[in-house]
Amino acid sequence: MSKYKENKLYIFNTLNRKKEVFQAMNPPHVGMYVCGPTVYGDPHLGHARPAVTFDLLFRYLKHLGYKVRYVRNITDVGHLESDADEGEDKILKKARLEQLEPMEVVQQYTNSYHDSMARLNVLPPSIEPRASGHIIEQQVMAEEILENGYAYESNGSLYFDVIKYHKDYNYGRLSGRVLEDLISNARELEGQEEKRNSVDFALWKKAAPAHIMRWPSKWGEGFPGWHLECSAMSSKYLGKRFDIHGGGMDLLFPHHECEIAQSVAATGKDAVRYWMHNNMVTINGQKMGKSLGNFVTLKELFTGSHKLLEKSYSPMTIRFFMLQAHYGSTLDFSNEALAAAGKGLVRLMSTLKVLDRLEPGGAPGSLDIGEFEKKAYGAMNDDLGSPQLIAHLFDTSRFINSAFAGNDSITAGDLERLRHLFGSFVSDVLGLTGEEDREIGGLVSKLVDLLLNIRLEVKKKKDFELSDRIRDELASFGIEVRDKKDGFEWEIKG
RNA sequence: GGUCGCGUGGCCGAGUGGUUAGGCAGAGGUCUGCAAAACCUUGUACGGCGGUUCGAAUCCGCCCGUGACCUCCA
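Residues numbered from 1 in each chain as written. Chains lettered and ligands numbered in written order. Predicted model: local features only at pLDDT ≥ 70, side-chain atom pairs only at ≥ 80, totals over all residues. Heavy atoms only, no water.

**Student:** What is the right way to look at the confidence of the model for chain A in this model?
**Tutor:** Parts of the prediction with low pLDDT should not have their coordinates interpreted in detail. Residues at a pLDDT of 70 or more form 93% of chain A, whose mean pLDDT is 87. Taken together, the stretch residues 81-87 has pLDDT below 50 and engages in 6 contacts with residues farther than four places along the chain or on a different chain. (pLDDT = per-residue confidence, 0-100. Contact = heavy atoms within 4.5 Å.)

Here you go:
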């Protein structure tokens, strides 16, 4: 029995600004598309948020029994820089600075992105298409839009005719923009003469002579407009109409608004049924930006090599921290908050280990396992309420520890159920892994055991000076010793 | 300037028209030779001013603060 039949998953659909029951078009199949990174630099905190958010959705949908095709693109066709730099392409610029071939830059940072995502335990998507590998598809879609009369050619470039489109459809219904306001608020920018109107956007852009990334087309040598890749690739792999499209709130306008316009102009229909947007990350209450000097890459977080960081934070701590906030809220990073999340994570993960060793007792004890199950699913069904889910896990964690300490009990049947539930929510749904189980060589393990067994004998002789010395020195290597009634436990701590 | 969002206790962060979020930090206790871990108990709260209501932190208005976006920039 698939769980999705008995769970009503509500998700906040940006299109209607309401929580709606998620109903797959063709259950058990679900198609979901998420805007991936432009690979011109190491991934930063801002990249981790959508990755973790939609990884949570991907995992939960799979947990519910859906067969999910998750498409997340890599934008490797450079896009133009806005500030100061006279419209220079990001990837080209990086390539010149680092004296690399543009595709070399793309490969390097794609690898870097994959590496950081893997460390965050973000599952790889089912398909990860690259914009540069779908030039034809983008040209075909541009052609369809042109044929339908919603685009025009101008000096070797192709532009989307927003005004024309708005007469037949509704430009702005996702982002809540009013076209007239957009037109009246438009800034005077250079290189706009080719457009009929300032609100028009490029489907295909003629390449300037210096532009290395270029492809032939019937309109001349050039490259696709930024918004087009997502429309073309999503429809290629998910069909003309699919279930979920996700991305950061910063992409809502113009990117996603333009995607809608493109799909409707090409096919006459909306492609996406549920639009989901994760909120942004701030650092010490400030927006993250290169100019503000608070731009932190994931590598820097993992190693602690940034002047704002007091220490390094493990990938799992970052992941846990993000999951403790709802994806729709802004999330503020600070050393204090990260450190707190790190400790909370250790607590949760050690409960998982305790649960493994917990023995059932005859008495039912205080845990209502059915209630726990209901609350856990209820939290996730409410627009991915990972913070509430985690709160319920902590509540249950207290019970597990109490039972382990002999102050509570659980029946064998309930224990089995609890292990399954607790484990699958922590590991499968939230995607949290016990990274503190680092590789300990068998030899090290034996040596520590030997030392602690000797310490046990020393303790029996009440030589606490020596026994404390052993414990303290082990602690200085990062080995935490915990004395038990008739033995000991130890663990390597970060 | 325009559009949209947010403002919760020392820190982070849920939630709700009248009943405990949770984590971290703090205080007290149990256990322990001492620790650690665990468990028990515990304080501090809803930006400001008005309004609606029997009752609002939760709804409405204004103000302040803050964030995102504003056309080829994730």
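**Student:** Looking at this model, I keep getting lost on the sheet that holds strand 10 (residues 272-278). Mind explaining?
**Tutor:** Hydrogen bonding along the main chain pairs the strands of a sheet, whether they run parallel or antiparallel. Here 4 strands make up an open sheet; going across it, the order is 4-3-9-10 and the pairing parallel. Each end of this open sheet is capped by a strand with a single partner; those strands are strand 4 (67-72) and strand 10. Neighbour to neighbour, the strand axes of the sheet diverge by 20 degrees on average, direction disregarded. Two elements, strand 9 (residues 242-248) and strand 10, share 6 bridges in a ladder whose sense is parallel. Opposite F242, over in strand 10, you have V272 as the bridge partner. Sitting on the sheet, helix 7 (residues 226-238) touches strand 3 (29-34), strand 4 and strand 9, and the angle it makes with strand 3 is about 165 degrees. Helix 8 (residues 252-267) contacts strand 9 and strand 10 of the sheet and is inclined by roughly 160 degrees relative to strand 9. (Pairing = 2+ DSSP bridges. Helix = DSSP H or I, 4+ residues; strand = E, 2+ residues; numbered from the N terminus. Axes fitted to C-alpha atoms, helices over the stretch in contact; angles between N-to-C directions.)

**Student:** Hey, could you run me through the packing of aromatic side chains in this one?
**Tutor:** What describes a pair of aromatic rings is the distance from one ring centre to the other and the angle between the planes of the rings. Overall, the coordinates contain 16 aromatic pairs when judged by the stated rule. The interplanar angle of 50 degrees and the centroid separation of 6.1 Å between the aromatic rings of W204 and W219 together place this pair among those described as tilted. With W204 in strand 7 (residues 201-206) and W219 in the loop between strand 7 and strand 8 (222-224), this pair connects stretches of sequence that are 15 residues apart. The exposure class of W219 is buried, given its relative accessible area of 7%. Linked through ring pairs, Y150, F160, Y165, Y169 and F201 together constitute an aromatic cluster. In this structure, K164 packs its charged tip against the face of Y150, placed 5.0 Å from the ring centre. Over the ring of Y152 we find R196; its NZ or CZ atom is 4.0 Å from the centre of that ring. (Phe/Tyr/Trp six-rings, centres within 6.5 Å; stacked < 30°, edge-to-face > 60°. Buried < 20%, exposed > 50% of the residue type's maximum accessible area, 1.4 Å probe, protein only. Lys NZ or Arg CZ within 6 Å of the ring centre and 35° of its normal.)

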